[in-house]
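Reading the structure
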Amino acid sequence: MGKQEGGGEESLPPLFESRRARFIGLYKVFASTILVGVCLIWVYRVTNIPRAGEAGRWAWIGMLMAEFWFGLYWIITQSPRWNVTHRQPFKDRLSHRYEDKLPGVDIFICTADPKMEPPTLVINTVLSVLSYNYPTEKLCVYLSDDGGSEFTFYALLEASRFAKYWIPFCKKFNVEPRSPEAYFALYSDVHGIKYGQEWLEIKKLYEEMKNRIESAVATAEIPVEIKKQHKGFSEWNLEVAKNDHQSIVQIITDGRDINAVDNDGCRLPTMVYMSREKRPQQLHNFKAGALNALLRVSSEISNAPFILLLDCDMYANNADSIREALCFFLDEKYGPEIAYVQHPQGYNNLTKDDIYGNECFVINAVELAGLGGYGAALFCGTGCFHRRECLFGRKYSKDYRGHWNIESQKTIDRSIKELEESAKTLISCSYEKGTQWGKEMGLIYGCPVEDIATGLAVQCRGWKSIYYNPERKDFLGVAPNTLDTALIQHKRWSEGLFQIFFSKYCPFIYGHGKIHLGAQMAYCIYLLWAPFSFPTLYYVTVPPLCLLHGIPLFPKVSSLWFLAFAYVFIAKNVYSIVEALRSGSTLKAWWYLQRMWLIRRITSYFFAFFDTIKRQLGLSETEFALTDKVITDDVSKRYEQEIMEFGSASIMYTVLATSALLNFLSLVWGTKRVVMDRHSKALDQLISQVILSGILVLINLPVYQALFIRSDKGHIPSSVMFKSFFLLALACLMPIY
């Protein structure tokens, strides 16, 4: 999809344009010089292997293998950088051309646990999408509650009532963002707001609603008079448990009803609560199963041609994001071949310099944009608009035009009760047995990152996908604010991604001849996170151990070979800084990200590798670890101060602390050797290893503070410190071959 010169009809201007990033040619030349340096490093390693019997021979061979993997992985990372493509929609043209026949849009929001994902968090996402700048009669919002909680249902019911005030308020004053919690946090008082009186009234209504919901959750009881107000509460009269309950479908607001209006007399969007049937003996396929259930229920109730998928903590931050996405789908020339439009994940709770590296500035601005340039944007699970037919397994054909402007007639004469009852049968435990759901239809089962596998499968059916990264983030969520949560999240991701590499959906097998080679390589940047832990772990342990024993592993500073190592190290890091700054990051945030990449590789990715192998051998089953969205005040305070939160005796911290202590000891001992032992030419031979240990010590400064200085609850427990000292002693006593 290159830059458009015209639409499907020559007289119509395009609804979006694509443009390649500037200076790609110059970057290719620069990258080629690094490649030369990488090849020279490989040549040096191969031609200077110590002879049999010499000290450090096997350590040297290990360095060769690690550096070969580093170089190969770096080559893979170049594939998206050589094709970075930016998209620009023209929503004014869309409005001019299609305002009277805009298609329906179904919005899916998933939640799974009312304790880890509080109902007030969920309904803020719901309210943000209910108030989109889009014809409300063409919006239908579905909430999938895998926790089967009556408190989530109650919160949604409260949100439907508050929406009668919130939607007209947002549209009257063009409010942004349209999540009430985010909006009132951004504008904390009435000063400077022209519509002050209405602002105060709507804030009071919101606070009252929020207090009612939180009070019900805190007391674990919904008042009887409230339960009498809606028939839906009868679903919880039976014994309903989180993983053992019947199918529940409740249409809270019926958008077909001309009497279902807001305070300005405008029609309200349809709102549907759904909780699929769950039984302890039945496999429920986690989020993928919930989304597939939503696909079937929505096809029965609204059947909109386009779908937006959102996590329950990812509220809409741009009231026009539907219109922007439709510019891609409805473009006369390229629109019919587009299956989905993926937005980057943004967060509203980041610290100034993003201490846990959550924002992924370079991934969002460069790598994902490069994949989008191949028409193979990653499907990331949230913030993604889909063409319904594609999720139902349809293959692309050149004569496809998409009948998005035809209204569904199937629900016109059916009552709410009829729709609810027919929808319930579609989400029973037995419905999918013997069908293609989870295989050729819907999201793919059997993997914790079902979104990536599903996106690849859609692309291999001939469809293109768009990555759209607007200046104002269209969706904002909650980033992990403790190290433990961040590492568990990355462990889950890297585990699922590595499973895909081992499965039939490996891009080099499943995508061969179907998607561009550059896209296949770019997919592997993420699929190979887990095995990338080994060369990294080797590099942070073996060189410092060899330094302790006086064994050099790098060329002498006086050797010409040293220039290749120095150039690759300096050039890669200088460009990495430039790339980060151009992507919107800061220098300090870049440094924090280097720390997090190191920590993730030697902890999350390392353990994810072994867990994946165990699953491949059938020794364990796939699990899904939900990210907790609730934290205490003291944890929140340390997060805002950008103080790393440890606080647990996780085995990951034992690995991290042992590595940090080893490099500190190595730096002290190596510096002494270089300074004191002048006659052995230690400076010329070992300075590279001293510098490496020095960099690793700087990276690990928060670890030393958490081990020896801090006394708050976020420090590293003494049990971890003792284990780390024991492992350090064992490592230092090991002979180096």
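Quantities reported herein were computed from a predicted structural model and do not represent experimental measurements.

Taken from the UniProt record, the annotation "active site" (unreviewed entry) applies to Asp146 and Asp451. For Asp146, the position within the fold is in the loop between strand S4 (139-145) and helix H5 (150-173). Judged by its relative accessible area of 7%, Asp146 is buried. Ignoring any residue separated from it by four or fewer positions in sequence, one finds Asp146 in contact with Thr111, Ala112, Lys242, Arg276, Lys278, Phe286 and Ala290. Examined against the element boundaries, Asp451 turns out to sit in helix H14 (residues 450-460). Asp451 sits in the buried class, given a relative accessible area of 11%. At 3.2 Å, the side chain of Asp451 forms a polar contact with the backbone nitrogen of Gly381.

So, about the nonpolar core. The biggest cluster of nonpolar side chains holds 73 residues, and the ones touching the most others in it are Ile107, Ile109, Tyr132, Trp166, Ile322, Leu326 and Leu330. With 13 residues, H5 is the largest single contributor of residues to this core. Not counting residues within four places of it along the chain, the set of residues in contact with Leu330 comprises Leu15, Leu94, Tyr98, Pro103, Phe306 and Trp404. In this structure, Ala66, Tyr356, Phe606 and Leu696 belong to the second largest nonpolar core, which totals 61 residues.

This brings us to the pattern of salt bridges. Following the criterion strictly, the structure yields 32 salt bridges and no others. Residues Lys231 and Glu420 are paired through a salt bridge, measuring 3.0 Å at the closest nitrogen-oxygen approach. Placement of the pair is Lys231 in the loop between helix H8 (224-227) and strand S5 (248-253) and Glu420 in helix H13 (residues 416-425), with a sequence separation of 189 residues. Of the residues examined, Lys231 reaches a relative accessible area of 47% and is grouped as partly exposed. Assessed through its relative accessible area of 3%, Glu420 is described here as buried. Close ionic contact of Arg279 with Glu277 constitutes a salt bridge, the shortest N to O distance being 3.0 Å. On the basis of relative accessibility, which here comes to 29%, the residue Arg279 falls in the partly exposed class.

Let's shift gears to a nonpolar patch on the surface. On the surface, Phe569, Ile570, Val574 and Val578 cluster together into a nonpolar patch covering about 360 Å² of accessible area. The class for Val574 is partly exposed, based on a relative accessible area of 46%.

Before going further, it helps to examine the packing of helix H23 (residues 651-676) against helix H24 (residues 682-699). In the contact formed by H23 and H24, the axes pass within 9 Å of each other and the chain directions differ by 150°. Relative to H24, H23 is oriented roughly antiparallel. Of the two elements, H23 crosses H24, and the hand of that crossing is left-handed. Every residue of H24 that contacts H23 at Asn663, Phe664, Ser666, Leu667, Gly670, Thr671, Arg673 and Val674 is listed here: Ala682, Leu683, Leu686, Val690, Ser693, Gly694, Leu696 and Val697. Partitioned by chemical class, the residues of the contact of H23 with H24 number nine nonpolar, six polar and one charged.

This paragraph deals with the domain arrangement of the chain. How big an interface is tends to be stated in terms of accessible area lost as the parts join. Annotation of the chain at the domain level lists domain 1 (89-404 + 414-479) and domain 2 (511-733). If you average the C-alpha positions of domain 1 and of domain 2, the two centres end up 38 Å apart. Taken together, the contact between domain 1 and domain 2 spans 39 residues of the former and 37 residues of the latter. When the area that domain 1 buries against domain 2 is broken down by residue, the three leading residues are Asp353, Ile355 and Tyr356, summing to 22%. Remark: the boundary between domain 1 and domain 2 carries zero salt bridges. Contributing elements (two or more residues each) for the side of domain 1 that touches domain 2: helix H11 (361-373) and H14. The element contributing the most residues to the side of domain 1 that touches domain 2 is H11, with eight residues.

Right, let's talk about the UniProt feature "binding site: Mn(2+)" (unreviewed entry) in the chain for a bit. Those places that UniProt annotates as "binding site: Mn(2+)" (unreviewed entry) correspond, in this numbering, to Lys287 and Asp311. A maximum C-alpha distance of 10.0 Å among these annotated residues, which run over 25 residues, shows that they cluster at one spot. Setting aside anything within four residues of it in sequence, one finds Lys287 in contact with Asp311, Gly381 and Glu450. In this structure, Asp311 sits in strand S7 (residues 306-311). Exposure remark for Asp311: the relative accessible area of 22% places this residue in the partly exposed category.

The next point concerns the environment of Asp113. Inspection of the secondary structure puts Asp113 in the loop between strand S3 (105-111) and helix H4 (119-130). Spatially, the C-alpha atoms of Asp113 and Phe392 are 28 Å apart, while their sequence positions differ by 279 residues. A polar contact is formed between the side chain of Asp113 and the side chain of Lys242, at a distance of 3.0 Å.

Attention now moves to the sheet that holds strand S13 (residues 475-477). Read from one edge to the other, the open sheet built from three strands follows the order S8-S13-S10, with strand pairing classed as mixed. What marks the edges here is a single partner per strand, and that holds for strand S8 (315-316) and strand S10 (346-347). One ladder, built from two bridges, connects S8 with S13; its direction is antiparallel. If you follow Tyr315 over to S13, its bridge partner there is Leu476.

What follows is about the confidence of the model for the chain. Considering every residue of the chain, the mean pLDDT works out to 92; 95% of them sit at 70 or more. Least confident of the elements in the chain is H8, whose mean pLDDT is 90; most confident is strand S9 (residues 338-342), at 98. When the criterion is pLDDT under 50, residues 2-8 qualifies, and its contacts beyond four places in sequence or with other chains add up to 19 contacts.

We now examine the pairing of strand S6 (residues 270-275). Burial runs high along S6: six of the six residues are buried. What you see with S6 is no split at all: Thr270, Val272 and Met274 on one side and Met271, Tyr273 and Ser275 on the other are buried throughout. Summarising the sheet, S4 and S6 pair through five bridges and their orientation is parallel. Within S6, the residue paired with Tyr142 across the bridge is Val272.

Turning our attention to the side chain of Asn285. With respect to the helices and strands, the residue Asn285 is situated in the loop between S6 and helix H9 (286-301). Looking at Asn285, the relative accessible area reads 16%, which means it is buried. Not counting residues up to four positions away in its chain, the partners in contact with Asn285 are Glu432 and Tyr445.

Under the defined criterion, the tally for this structure stands at 61 aromatic pairs. For the pair Trp597 and Tyr605, a centre-to-centre distance of 6.4 Å together with 55° between the ring planes defines the contact as tilted. Taking relative accessible area as the criterion, Trp597 reaches 17% and is therefore assigned buried. Ring-pair connections join several aromatic residues into one group, and the members of that group are Tyr44, Trp60, Trp69, Phe70, Tyr73, Phe532, Tyr539, Phe554, Trp561 and Phe565. One cation-aromatic arrangement involves Arg45 over Trp60; the distance from NZ or CZ to the ring centre is 4.6 Å. Taking the ring centre of Trp669 as reference, the NZ or CZ of Lys672 above it sits at 4.9 Å.

Taken together, the buried positions of helix H25 (residues 701-709) are occupied by Pro702, Val703, Tyr704, Ala706 and Leu707. The secondary structure elements touched by the buried residues of H25 are helix H20 (587-602), H23, H24 and helix H26 (718-733).

The rules behind each value
Residues numbered from 1 in each chain as written. Predicted model: local features only at pLDDT ≥ 70, side-chain atom pairs only at ≥ 80, totals over all residues. Heavy atoms only, no water. UniProt positions renumbered as here; feature names shortened; annotations may be inferred. Helix = DSSP H or I, 4+ residues; strand = E, 2+ residues; numbered from the N terminus. Buried < 20%, exposed > 50% of the residue type's maximum accessible area, 1.4 Å probe, protein only. Contact = heavy atoms within 4.5 Å. Polar contact = N/O pair within 3.5 Å; in protein donor to acceptor, adjacent residues only side chain to side chain. Core = buried A, V, L, I, M, F, W, Y, C linked by side-chain atoms within 4.5 Å. Salt bridge = Lys/Arg side-chain N within 4 Å of Asp/Glu carboxyl O. Patch = residues over 30% accessible without salt bridge, like charges linked within 9 Å, V, L, I, M, F, W, Y side chains within 5 Å. Areas by Shrake-Rupley, 256 points an atom, 1.4 Å probe, with all protein chains shown as cover. Axes fitted to C-alpha atoms, helices over the stretch in contact; angles between N-to-C directions. Parallel < 35°, antiparallel > 145°, perpendicular 65-115°, else oblique. Left-handed = near helix turned anticlockwise from the far one by under 90°. Nonpolar A, V, L, I, M, F, W, Y, C, P; charged D, E, K, R; others polar. Domains from an automatic or database assignment. Buried area = accessible area lost by both parts, 1.4 Å probe. Pairing = 2+ DSSP bridges. pLDDT = per-residue confidence, 0-100. Phe/Tyr/Trp six-rings, centres within 6.5 Å; stacked < 30°, edge-to-face > 60°. Lys NZ or Arg CZ within 6 Å of the ring centre and 35° of its normal.

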